[in-house]
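A look at the structure
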Amino acid sequence: MSQRHNGSIIQWLNKFMEKVLTKNIRQDLSYVDLNAYEQTGGYQGLRKALGMSPTEVVEEVKKSNLRGRGGAGFPTGMKWSFVPMNADAPRPKYLVANADEMEPGTFKDRLLMEGDPHQLVEGMVVAGYAIQADVAYIFIRGEYFRSEEMLRRAIAEAYEKNYLGKNILGSSYSLEMIVHMSGGRYMCGEETGLLNALEGKRANPRTKPPFPQVSGLFGKPTIVQNVETLSNVPHIVRNGAEWFKSLSYTQDAGTKIYGVSGKVKRPGLWELPMGTTIREILEVHAGGMQDGVRFRGLLPGGASTDFLVEDHLDVKMDFTEVAKVGSRMGTGTMIILDDQTCPVGMVWNLEHFFAQESCGWCTPCWSGLSWAEKALNALEEGQGQAADLEHLAFICNFCAPGNTFCALAPGAVEPLQSALKYFRDDFNRHITEKRCPWRAS
Amino acid sequence: MLSPEERREIEAEFAHYPNKQAVSIDAMRIVQKHRGWVSDECLKDIAELLEMSADELDGVATFYNLIFRRPVGRHVVMVCDSVSCWIMGYDRLRRELTSRLGIQMGETTADGRFTLLPIVCLGACDHAPTIMVDADLHHDVDPQKLDGVLEKYK
Ligand SMILES: Cc1cc2nc3c(=O)[nH]c(=O)nc-3n(C[C@H](O)[C@H](O)[C@H](O)COP(=O)(O)O)c2cc1C
Ligand code: SF4
Ligand code: FES
């Protein structure tokens with residue numbers, strides 16, 4: 001393993017706020033062992049949870065307003081409350097950490113797994129306890145070898161100290177934890193595709209209902225939760241729902257790991273209060289645009305979110321506020337478009353990804369996205385026609401939510417539909433000039 | 001024929017899942033770790049061990065881009081072609097790589113040293129452009145740095 005993150009990845013000392021998720025993470029991302037983790041209060045959340053009833057843990061998480069950090073923002077406690085809890089509920093019940101992180105432009109879960117793996121393990125034991133799960137899987141994307149290594153070390157240490165295994169810390173609760181390395185493909189991150197992948201099948205999505213909470217992995221009750229979501233859980237239990245809510249600037253509670261990539265001065269990740277403005281993240285933390293390039297737009301939270309532009313810089317980054325201006329916070333890791341990068345080329349790159357990753361199940365997705373990719377490529381090559389823009393807009397509607405089996409296609413057209421709106425002139429120039437104006441002729 | 005070690009590693013995975021088929025991806029990854037790729041013969045052996053048909057297992061294998069069903073070089077160079085790397089110079093990096101190695105994406109050098117493949121976002125977008133060689137992530141890879149990186153893999 002060669003160079004890894006150096007100083008610039010995280011602007012560590014933002015002295016004005018409380019660090020929750022990243023407080024233990026070291027600049028060189030060296031392993032934070034059990035001892036070090038315990039010294040800052042590690043596994044206290046679990047100890048406290050074991051003294052509560054599972055329902056009390058669910059209630060506390062519900063009250064905290066924790067929303068899923070995988071992109072959709074579904075209320076976490078509410079999801080847990082759908083799991084059958086009666087004595088004759090089907091067994092084993094499963095908890096799955098979604099560590100697939102394949103959304104282009106997203107790099108936050110890797111930090112949490114490499115930088116503080118025990119935090120995820122503890123979060124999983126607490127979440128497992130809340131739904132009385134018997135087995136927990138961590139589904140890690142296949143290229144995250146270092147995350148795998150760190151988590152395997154942490155899991156081994158946790159078993160040794162009986163934070164995992166039979167009768168955890170003398171309680172009647174037992175949990176096994178297993179690492180699964182993915183074979184690749186974006187669809188593995190979609191929660192039902194993920195369950196098929198864990199069952200050793202192709203990662204096609206499943207029909208809902210039944211929902212995984214009732215009938216998921218191997219037909220048993222299952223919760224799938226993002227790495228960042230789970231990493232918050234021990235802190236909520238330990239410090240309470242009110243404390244968690246007090247961390248944020250807005251209705252959506254907690255802190256958030258925000259990221260910026262693209263031509264900014266200091267690309268990186270920062271843990272900040274939920275609801276920090278886009279402007280603060282971009283200009284203060286990421287240091288603004290590199291010299292000689294100007295800001296044109298951004299995808300607020302990964303490849304499958306709608307573009308925002310200059311007018312939106314004062315929007316607060318949370319699930320609710322970003323939705324009000326027609327996009328989504330998604331994963332909270334923003335990708336910046338600058339004036340020396342072609343917006344059509346950028347959207348072509350995105351649609352190439354989505355067309356490639358489509359599982360081929362539904363027509364709007366596989367045919368629509370591959371057509372879109374070709375049309376965008378033609379535009380870039382100077383062979384686009386005015387009618388193509390109408391057809392691209394049609395595909396955006398064709399792939400709208402409700403028309404496809406899973407959320408890949410609706411997500412795929414978000415950057416496309418918004419680019420057609422905000423960068424229309426740039427599309428038109430490709431047609432009238434019969435070339436990409438950004439390419440050296 | 002699977003080696004005793006491969007067999008042992010695969011069988012150890014059985015304990016982690018309620019049925020054998022669920023081990024299919026882990027099993028193929030294990031074989032690939034030892035051999036670089038999953039040949040037809042290995043696929044048949046794995047299928048037998050998992051009590052599946054070879055066709056069924058191949059249907060799983062072909063879905064996953066990290067399971068190689070064709071031989072690869074001693075080192076696999078995966079170049080991130082996703083959006084942040086594209087913005088930060090993917091095209092130039094790809095051109096450098098293909099011209100230095102004298103192969104196109106998807107090909108293997110004549111000496112069997114490198115296979116070049118595209119890959120999606122490697123989760124290091126703040127240090128774009130990125131490549132992964134075998135299990136090693138390399139970031140901020142500009143053409144000047146490339147020689148030093150490739151040099152490490154013989
Ligand atoms: C195509 C696709 C890919 C996804 N990939 C991921 C992923 O890599 N990680 C993730 O946490 N959620 C991903 N999701 C969202 C999951 O389906 C699911 O909503 C999430 O894991 C739930 O966890 P959360 O509520 O904690 O966010 C993806 C969704 C879709 C449609
Ligand atoms: S929307 Fe696309 S990825 Fe999702 S099920 Fe349909 S074809 Fe597959
Ligand atoms: S886009 Fe290349 S590492 Fe994320």
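Residues numbered from 1 in each chain as written. Chains lettered and ligands numbered in written order. Predicted model: local features only at pLDDT ≥ 70, side-chain atom pairs only at ≥ 80, totals over all residues. Heavy atoms only, no water.

What follows concerns the overall build of chain B. Check the secondary structure of chain B and you find seven helices and four strands. In chain B, the succession of α and β elements from N to C terminus is α-α-α-α-β-α-α-β-β-β-α. For chain B, the spread of C-alpha atoms along the three principal axes comes to 50 × 30 × 25 Å. Put simply, chain B has 154 residues, and 56% of those count as buried. A total accessible area of about 6,500 Å² is found for chain B, and carbon and sulfur atoms account for 49% of it. (Helix = DSSP H or I, 4+ residues; strand = E, 2+ residues; numbered from the N terminus. Buried < 20%, exposed > 50% of the residue type's maximum accessible area, 1.4 Å probe, protein only. Areas by Shrake-Rupley, 256 points an atom, 1.4 Å probe, with all protein chains shown as cover.)

This brings us to the environment of Val32(A). Residues and elements named next belong to chain A. Inspection of the secondary structure puts Val32 in the segment before α1 (34-39). Along the primary structure Val32 and Arg328 are separated by 296 residues, whereas in three dimensions their C-alpha atoms are 33 Å apart. Apart from the residues lying within four places of it in its own chain, the contact partners of Val32 are Asn24, Arg26, Tyr37, Gly115, Asp116 and His118. (Contact = heavy atoms within 4.5 Å.)

Attention shifts here to the site of ligand 2. In the vicinity of ligand 2, 13 residues are found, and the nearest of them are Cys359(A), Trp361(A), Cys362(A), Cys365(A) and Cys406(A). A per-class count over the shell around ligand 2 returns 10 nonpolar, three polar and no charged. (Near = heavy atom within 4 Å. Nonpolar A, V, L, I, M, F, W, Y, C, P; charged D, E, K, R; others polar.)

One pass over the full model with this rule turns up 40 salt bridges over all chains. For the salt bridge of Asp134(A) with Arg91(A), the shortest nitrogen-to-oxygen distance reads 3.0 Å. On the criterion of sequence distance, the pair formed by Asp134(A) in the loop between α6 (117-131) and β2 (135-140) and Arg91(A) in the loop between α4 (76-81) and β1 (94-99) is long-range, its members being 43 residues apart. The class of Arg91(A) is partly exposed, set by a relative accessible area of 40%. With its nearest N and O atoms 2.8 Å apart, the salt bridge here joins Asp58(B) to Arg69(B). With a gap of 11 residues between them, Asp58(B) in helix α4 (residues 54-61) and Arg69(B) in the loop between α4 and β1 (75-80) connect regions that are remote in the sequence. (Salt bridge = Lys/Arg side-chain N within 4 Å of Asp/Glu carboxyl O.)

Looking now at the domain arrangement of chain A. Residue and element names in this part refer to chain A. Looking at chain A, the domain boundaries give domain 1 (19-246), domain 2 (255-338) and domain 3 (343-432). A separation of 27 Å is found between the C-alpha centroids of domain 1 and domain 2. Every contact between the two is made by 21 residues of domain 1 and, on the other side, 21 residues of domain 2. Carbon and sulfur atoms make up 59% of the area that domain 1 and domain 2 hide from each other, which totals about 1,600 Å². Applying the counting rule to domain 1 against domain 2 returns one salt bridge. Here domain 1 and domain 2 share 15 residue pairs in polar contact (both at pLDDT 80 or more) between them. Sorting elements by how many residues they give to the side of domain 1 that touches domain 2 places helix α5 (residues 108-115) first, with three residues. Among the residues making up the side of domain 1 that touches domain 2, the classes are represented as eight nonpolar, seven polar and six charged. (Domains from an automatic or database assignment. Buried area = accessible area lost by both parts, 1.4 Å probe. Polar contact = N/O pair within 3.5 Å; in protein donor to acceptor, adjacent residues only side chain to side chain.)

Bringing the confidence of the model for chain B into the picture now. Looking at chain B as a whole, the pLDDT averages 97, with 100% of positions reaching at least 70. With pTM at 0.96, the complex prediction returns an ipTM value of 0.97. (pLDDT = per-residue confidence, 0-100.)

Our focus in this paragraph is the site of ligand 1. Residues and elements named next belong to chain A. In the vicinity of ligand 1 there are 18 residues, among which Gly70, Asn98, Glu191, Asn226 and Thr229 approach most closely. In this structure, an oxygen atom belonging to ligand 1 sits 3.1 Å away from a main-chain N or O atom of Glu101. Between ligand 1 and Gln225, the relevant distance is 3.0 Å, taken from an oxygen atom to a side-chain nitrogen or oxygen of the residue. Isolated, ligand 1 exposes 610 Å² of accessible area, and the fraction of that covered by the protein chains is 89%. Per-element tally for the shell around ligand 1: the top contributor is strand β4 (residues 222-226), with three residues. Taken together, the residues that form the shell around ligand 1 break down as five nonpolar, seven polar and six charged.

Turning our eyes to something else, we now look at the interface of chain B and chain A. Opposite the 44 residues of chain B that make contact, chain A presents 61 residues. Counting the surface lost from both chain B and chain A, the interface buries some 4,200 Å², and carbon and sulfur atoms represent 58% of this. Broken down residue by residue, the surface that chain B buries against chain A is led by Phe63(B), Trp86(B) and Asp126(B), which jointly contribute 17%. At the junction of chain B with chain A, the criterion picks out zero salt bridges. Where chain B touches chain A, the interface holds 19 residue pairs in polar contact (both at pLDDT 80 or more). Residues belonging to the side of chain B that touches chain A are distributed by class as follows: 23 nonpolar, 13 polar and eight charged.

Before going further, it helps to spend a moment on the environment of Tyr186(A). Residues and elements named next belong to chain A. Summarising the element assignment, Tyr186 is placed in the loop between β3 (176-181) and α8 (191-198). Sequence separation between Tyr186 and Arg279 is 93 residues, and the spatial gap between their C-alpha atoms is 30 Å. Ignoring any residue separated from it by four or fewer positions in sequence, one finds Tyr186 in contact with Asp100, Met102, Glu103, Ser304, Phe353, Phe354, Glu357 and Leu408. In this structure the side chain of Tyr186 is engaged in a polar contact, spanning 2.4 Å, whose partner is the side chain of Glu103.

Our next topic: helix α2 (residues 24-35) of chain B. If you check α2(B), its first and last C-alpha atoms are 16 Å apart, about what 12 residues at 1.5 Å a residue would give, namely 16 Å. The buried fraction of α2(B) amounts to nine of the 12 residues, a majority that puts the element mostly inside the structure. Ser24(B), Ile25(B), Asp26(B), Ala27(B), Met28(B), Arg29(B), Ile30(B), Val31(B) and Gln32(B) are the residues of α2(B) that are buried. Lining the buried residues of α2(B) we find α7 (145-160), β3 and α8 of chain A together with α1 (4-14), α3 (40-50) and α4 of chain B. Phi for Gly36(B), located one or two positions after α2(B), is positive at around 90 degrees. (Expected span 1.5 Å × (residues − 1).)

The space that makes up the second largest pocket amounts to roughly 710 Å³. Gly142(A), Phe145(A), Arg29(B), Gln32(B) and Lys33(B) are the residues nearest the centre of the second largest pocket, which is lined by 24 residues in total. When contributions to the lining of the second largest pocket are tallied by element, the ones reaching two or more residues are α7 and β3 of chain A together with α1, α2 and β1 of chain B. Residues of the lining of the second largest pocket, tallied by class, amount to 10 nonpolar, four polar and 10 charged. (1 Å grid on protein atoms, 1.4 Å probe; cavity = no way out; pocket = protein on both sides within 12 Å on 5 of 7 lines; lining within 4 Å. Points joined across faces, edges and corners; volume = space filled by probe spheres on them.)

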